[in-house]
Amino acid sequence: MTSDTRHGGALDLMRTAYPDAPQPWIDLSTGLNPWPYPDLMLSAEALAHLPTQQMYDACRDAMASAFGGKPDTLILSPGSELQIRLLPDVITPRSVAILSPTYGDHAEAWTQAGADVIETPDPLSYTDEVDAIVITNPNNPDGRLFDPEALDAARIALNNRGGWLIIDEAYADLMPEYSIVSGGGADGLVILRSFGKFFGLAGLRLGALIASEPVLKAMANRLGVWPVSGAALQIGARAYADIAWQDQTRDKLKAAMDRLDTILKSVGLSTVGGTSLFRLIETPNAHVLFDQLARAGIYVRRFETSKTHLRIGLPPNPEAEARLAAALSL
């Protein structure tokens, strides 16, 4: 698997592979908010001193409040990807059903841990058969949604057998009504949250784990004394407290998604899913279209496991929208 098919975002590799592409490149490969949270001011303390407990608590409390969760059910981490990697060392199910298609690191982490992994479009049907179920909600890349009541019923059934329901809510800031964080801390439930996607600041590396106290303690021991930088704590606390910006951003992203859908429809491309941060299209010879766009300096997300799908993020401005429309029309 090459770096660009694993996660997207490998713009350095794209520049090398397509040296004659027009500049500047338009990176639509990552599914991040192209209009990041704007207030990035930092105090000298955030960079010159080790992060304090007060800074950690302020960020955690703002995050919990924004989610509708309880602070004592949540710990912070440097993004959610590390937690995906560490979770098999914290809980030890031997059989895991994982929603497919979805973010590939889940299956990779559990496979490397030696679990029997079932990748399936219907993971909840395995509630009585496996030790854990992993679901991304909303899902990446198809935007599929799972009803919170159905998830809670699955969590209860799994917990009754000593099992686990693991929910990756990396995109839940887009549709908070589908989050189950309000039930965080319940036995048998693990929730992962990510800051960077909705707030457009993936490089800040900030995430959260919501779980019962024994799981939180075990994960905290693995993350260490200073798991999150002072800069991430300070900006995260400010961003999560800014509810007005979050509400306005959801509206802005929805409008941008509608414009992208119009562009795709105008050139006859079929949108088969996505969220308000990205659209999933289905087309024959998708890798040919990927190459066509790359030669035009536009980088979208391709998949090693599919020759008929591409994921396209939101163009950041009218010029980028026009370039995308033109490149798709070639």
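Everything discussed here concerns the structure shown above.
These figures come from a predicted structure and were not determined experimentally.

Draft legend 1. Molecular detail of the overall build of the protein. Scanning the protein from N- to C-terminus turns up 13 helices and 13 strands. In terms of its C-alpha atoms, the protein occupies a principal-axis envelope of roughly 55 × 50 × 35 Å. In the protein, which comprises 330 residues, the share counted as buried stands at 53%. In the form shown here, the protein has an accessible surface area of approximately 14,200 Å², with 53% of it arising from carbon and sulfur atoms.

Draft legend 2. View of the side chain of Arg 250. By the element assignment, Arg 250 lies in helix α11 (residues 243-266). Within the structure, the side chain of Arg 250 is placed 2.6 Å from the backbone oxygen of Asp 173, a separation counted as a polar contact.

Draft legend 3. Structural view of a nonpolar patch on the surface. On the surface, Leu 50, Val 225 and Trp 226 cluster together into a nonpolar patch covering about 360 Å² of accessible area. Relative to the helices and strands, Leu 50 resides in the loop between α3 (44-48) and α4 (53-67).

Draft legend 4. Broad picture of the pairing of strand β9 (residues 270-275). In this sheet, strand β10 (residues 278-282) lies alongside β9 in antiparallel orientation, the contact comprising 5 bridges. The residue bridging Ser 270 from the neighbouring strand is Glu 282, located in β10. If you look at the hairpin formed by β9 and β10, you'll find 2 residues sitting between the two strands.

Draft legend 5. Seen up close, the nonpolar core. The biggest cluster of nonpolar side chains holds 103 residues, and the ones touching the most others in it are Leu 76 and Trp 110. Sequence-distant contacts of Trp 110, defined by excluding residues within four places in its chain, comprise Leu 87, Pro 88, Ile 91, Pro 93, Val 96, Ile 98, Ala 115, Val 117, Val 134 and Ile 166.

Draft legend 6. Spatial organisation of the sheet that holds strand β8 (residues 207-210). Pairing is mixed across the open sheet formed by 7 strands, whose spatial order is β2-β8-β7-β6-β5-β3-β4. With one partner strand each, in any of the chains shown, β2 (74-77) and β4 (116-120) form the two edges of the open sheet. Across the sheet, the mean angle from the axis of one strand to that of its neighbour is 20 degrees, orientation sign disregarded. The sheet contacts of helix α9 (residues 213-223) involve β2, β6 (164-168), β7 (189-194) and β8, and relative to β2 the element is tilted by about 20 degrees.

Draft legend 7. The packing of aromatic side chains, seen in detail. What the rule picks out here adds up to 12 aromatic pairs. Aromatic side chains Phe 198 and Phe 199 sit 5.2 Å apart centroid to centroid with 85 degrees between the ring planes, which places their arrangement in the edge-to-face category. Overall, the relative accessible area of 1% leaves Phe 198 in the buried class. Take Phe 199: its relative accessible area is 0%, and that puts it in the buried class. Members of the aromatic cluster, joined through ring pairs, are Tyr 37, Phe 67, Phe 195, Phe 198, Phe 199, Tyr 240 and Trp 245. Taking the ring centre of Tyr 171 as reference, the NZ or CZ of Lys 197 above it sits at 5.7 Å.

About the thresholds
Residue positions within a chain follow its written sequence, with the count starting from 1. The model is predicted, so local features are restricted to residues of pLDDT at least 70 and side-chain atom pairs to those at 80 or more, both for listing and for counting; the totals for chains, interfaces and linings are taken over all residues. Working from all heavy atoms in the structure, the side-chain values ignore hydrogens and water. Only DSSP runs of H or I reaching four residues or more are called helices, and only runs of E reaching two or more are called strands; each is numbered from the N terminus. Partly exposed describes any residue whose relative accessible area lies between the buried limit of under 20% and the exposed limit of over 50%, with all areas from a 1.4 Å probe on protein chains only and scaled to the type maximum. Areas reported here follow the Shrake-Rupley algorithm with a probe of radius 1.4 Å; residue values treat only the protein chains shown as occluding. Pairs of N or O atoms are called polar contacts if they sit within 3.5 Å, as long as, within protein, a hydrogen donor faces a hydrogen acceptor (for residues adjacent in sequence, only side-chain-to-side-chain pairs). For patch detection, residues must exceed 30% relative accessible area and be free of salt bridges, and they are connected within 9 Å for like charges or within 5 Å for nonpolar side chains (Val, Leu, Ile, Met, Phe, Trp, Tyr). Salt bridges are identified by distance alone: a Lys or Arg side-chain nitrogen within 4 Å of an Asp or Glu carboxyl oxygen. Strands qualify as paired when DSSP identifies two bridges or more between them. Nonpolar cores were defined as sets of buried Ala, Val, Leu, Ile, Met, Phe, Trp, Tyr and Cys residues, with membership established by side-chain atoms within 4.5 Å. Note on definitions: a residue-residue contact is assigned when non-hydrogen atoms from the two residues lie within 4.5 Å. Axes here refer to lines fitted to C-alpha atoms; in helices the fit is confined to the stretch in contact. Angles between the N-to-C directions go from 0 to 180 degrees. Each Phe, Tyr or Trp ring (for Trp, its six-membered ring) is paired with any other whose centre lies within 6.5 Å, and the angle between the two planes then decides the class: stacked below 30 degrees, edge-to-face above 60, tilted in between. Criterion for a charge above a ring: Lys NZ or Arg CZ within 6 Å of the ring centre, and within 35 degrees of the ring normal.

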